[in-house]
Amino acid sequence: MPISFSYSSFQEAVTDLLSPATSLEGVHKLRRLSATEDYDLKTLTEACIEYGVFDWLLQSLEYCGDADEPERTKETLWVFTNLAVSSEGCTVLLERGVAEKLCCVLRPGQPDDIVENALWALGNIAGEGRAAVESLIERGVFTHVCRYVTEVYGGTVPVRVAVHKVLSWTISNFLRVKPPLPFSLTMPILPQLIYALRTFVSLPHLSEALTDTLWSISYLFREESEGVNFECLFANNNDIFLRMLAQLHGSRMNRTPVLRFVGNIAALDGGTPARVFTAPALEHLQRLAASFTPTDNVAIKELLWTLSNLLAEGPTMVSRMLESNVLQTLIPRVSPPPCNGVVKSNLWSSASEMSWVLENMMTESLDDDGGRAAAALALLDSGALHYCAQTLTAAS
């Protein structure tokens, strides 16, 4: 249940805020109010406007020269971060120029905790959606963040692990919007994402940053993104593409964005899937299928969707699929839907995708030279017919 706005607590914080002797305590109180779970942030934001709090907070980010300056700056940034959780807060922060002021914090020489708080605030604003991200881009904020990422990854600005984590998360929030941003706007961050993909894999302490990097790459390469260029993924013998596929065998957190990425590539037109899903790529899919347990229903559904799209490419892909043993490995691990009358579940979604896999396998395989018979035999041996019978029983 939402917690009602307390004018007395707010006015107490403002009174302290406006007094030089107690301004730090005032910011502390304001931060605690904004961080209260289920607090009425809309009314708090309106009250901050009415009492001129935003103007004071922005001024406090300027150099004050007293001993409380670092702590006051950190607390001010946390207030912005907390207010950015609400739509009203995001709107006001953008209108008041807070985002541009936060960019001034992202520079060499700033303490890591200050940079971390500024990134949290920017990430929350970007997480509000497409309109907020477009506003940030128009204000030059995304360009500034890209430049800062380049400095961090290039070693010009050494930062602690926590900054790496929130920086990767902030980038993913910029890129996750729907509909996707035009590729021309997001492409400048691609070299940094590729660097992170290559580097963070071998750094266990940056595993969370790697996961967000994988999400960012999956967001960047969506077919509905205007002007998207998938070909850069397949340069140098499919280097980036195969590096992404290799993350299917890492943590479960990494598997989800990579499966989404792989599914997007498999759904492309123009023969691209048949060109890039060669034996090395399919080997990754077979290894993934072999690792599945009965609890991996969501991942199984995603893989089935990918395979159904690949099989629709024609006889060549059917032959490759049979040679790689992807389906023969996956089908025995797909649990049939239960006979409980519940039709909205991941198991029924998997059953739907499985039907497309089996249909495409049979209709796209060559009828001559025993191609279709070989496909049918492989499906029978892997238990496809038994699965279909169990699914039909559950549906009846």
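A brief report on the enclosed structure follows. Since the model is a prediction, treat every value here as computed from it, not as a measurement.

1. A word on the environment of Met321
Working step 1: Mapped onto the elements of the fold, Met321 is located in helix α20 (residues 315-324).
Working step 2: Separated by 73 residues in the primary sequence, Met321 and Leu248 place their C-alpha atoms 18 Å from one another.
Working step 3: Those residues in contact with Met321 that sit more than four places away from it in its chain are Leu282, Leu307, Leu310, Leu311, Val326, Leu327 and Gln328.

2. Examining helix α23 (residues 371-381)
Working step 1: Regarding α23, the residues found buried are Ala375, Ala378 and Leu379. Down the axis, α23 shows its buried residues gathered within 100 degrees of arc, on one side only. The outward face of α23, more than 90 degrees from its buried face, is lined by the exposed residues Ala373 and Asp381.
Working step 2: Buried residues along α23 sit against α20, α21 (326-330), α22 (346-364) and α24 (384-395).

3. Here's the deal with the packing of aromatic side chains
Working step 1: Applying the stated rule across the entire model yields eleven aromatic pairs.
Working step 2: Summarising the aromatic geometry, the rings of Trp120 and Trp169 are spaced 4.7 Å apart at their centres and angled 50 degrees between planes, so their arrangement reads as tilted. Placement of Trp120 in helix α8 (residues 112-126) and of Trp169 in helix α11 (residues 161-175) is noted, with a sequence separation of 49 residues between them.
Working step 3: Considering the side-chain rings of Phe241 and Phe277, the 5.2 Å spacing of their centres and the 85 degrees angle between planes classify their relative orientation as edge-to-face. Here Phe241, found in helix α15 (residues 235-246), pairs with Phe277, found in the loop between α17 (272-276) and α18 (279-291); they are 36 residues apart in sequence, far enough to count as distant. Per residue, the accessibility class of Phe241 equals that of Phe277, and both read buried.
Working step 4: An aromatic cluster is built from Phe234, Phe241, Phe261 and Phe277, whose rings are joined through pairwise contacts.

4. Thoughts on the side chain of Ser382
Working step 1: Among the structural elements, Ser382 can be located in the loop between α23 and α24.
Working step 2: Side-chain polar atoms of Ser382 contact the backbone oxygen of Leu379, separated by 2.9 Å.
Working step 3: Setting aside its immediate chain neighbours within four residues, Ser382 contacts Gln328, Ile331 and Pro332.

5. Focus: the environment of Val152
Working step 1: Looking at the secondary structure, you find Val152 in helix α10 (residues 141-153).
Working step 2: As for Val152 and Leu167, which are separated by 15 residues in sequence, their C-alpha atoms are 9.7 Å apart.
Working step 3: For Val152, the contacting residues outside a window of four places in its chain are Val157, Val159, His164 and Leu167.

6. A few points about the nonpolar core
Working step 1: One finds Phe10, Phe80, Phe221, Ile265, Phe277, Leu285 and Leu307 to be the most contacted residues of the largest nonpolar core, which totals 131 residues.
Working step 2: Apart from the residues within four sequence positions on either side, Phe221 is in contact with Phe183, Leu190, Val228, Asn229, Phe230, Cys232, Leu233, Phe261 and Asn264.

7. Digging into the packing of α10 against helix α13 (residues 190-200)
Working step 1: At a minimum axis separation of 10 Å, α10 and α13 run at an interaxial angle of 30 degrees. In the packing of α10 onto α13, the handedness of the crossing is left-handed. Touching Val149, Thr150 and Tyr153 of α10 are Gln192, Tyr195, Ala196 and Phe200, all from α13.
Working step 2: For the contact of α10 with α13, the class distribution of residues is five nonpolar, two polar and no charged.

8. Considering unusual backbone geometry
Working step 1: The omega torsion across Lys178 and Pro179 is -10 degrees, close enough to zero to call that bond cis.
Working step 2: Unlike most non-glycine residues, Asn325 shows phi in positive territory, near 65 degrees.
Working step 3: For Asn325, the location among the structural elements is in the loop between α20 and α21.

9. A closer look at the packing of α15 against helix α16 (residues 252-266)
Working step 1: Running from N to C, α15 and α16 cross one another at 135 degrees; their axes reach a closest spacing of 9 Å. When the axis of α15 is compared with that of α16, the two are oblique. For the pair α15 and α16, the crossing hand works out as left-handed. For the pair formed by α15 and α16, the contact residues are Phe241, Met244 and Leu245 on the first element and Val258, Phe261, Val262 and Ile265 on the second.
Working step 2: Residue composition of the contact of α15 with α16, by class: seven nonpolar, no polar and no charged.

10. Overview of α15
Working step 1: Taking 1.5 Å as the rise per residue, α15 with twelve residues should run 16 Å; its terminal C-alpha atoms sit 17 Å apart, in good agreement.
Working step 2: Those residues of α15 lying buried are Asn238, Asp239, Ile240, Phe241, Met244 and Leu245.
Working step 3: Lining the buried residues of α15 we find α13, α14 (207-220), α16, α17 and α18.

11. With respect to the side chain of Asn264
Working step 1: Within the secondary structure, Asn264 sits in helix α16.
Working step 2: Take Asn264: its relative accessible area is 17%, and that puts it in the buried class.
Working step 3: With residues up to four places along the chain from it excluded, the contact list for Asn264 reads Ser218, Phe221, Arg222 and Trp305.

Procedures and definitions
Residues numbered from 1 in each chain as written. Predicted model: local features only at pLDDT ≥ 70, side-chain atom pairs only at ≥ 80, totals over all residues. Heavy atoms only, no water. Helix = DSSP H or I, 4+ residues; strand = E, 2+ residues; numbered from the N terminus. Contact = heavy atoms within 4.5 Å. Buried < 20%, exposed > 50% of the residue type's maximum accessible area, 1.4 Å probe, protein only. Arc of directions from axis to C-beta. Phe/Tyr/Trp six-rings, centres within 6.5 Å; stacked < 30°, edge-to-face > 60°. Polar contact = N/O pair within 3.5 Å; in protein donor to acceptor, adjacent residues only side chain to side chain. Core = buried A, V, L, I, M, F, W, Y, C linked by side-chain atoms within 4.5 Å. Axes fitted to C-alpha atoms, helices over the stretch in contact; angles between N-to-C directions. Left-handed = near helix turned anticlockwise from the far one by under 90°. Nonpolar A, V, L, I, M, F, W, Y, C, P; charged D, E, K, R; others polar. Parallel < 35°, antiparallel > 145°, perpendicular 65-115°, else oblique. Expected span 1.5 Å × (residues − 1).

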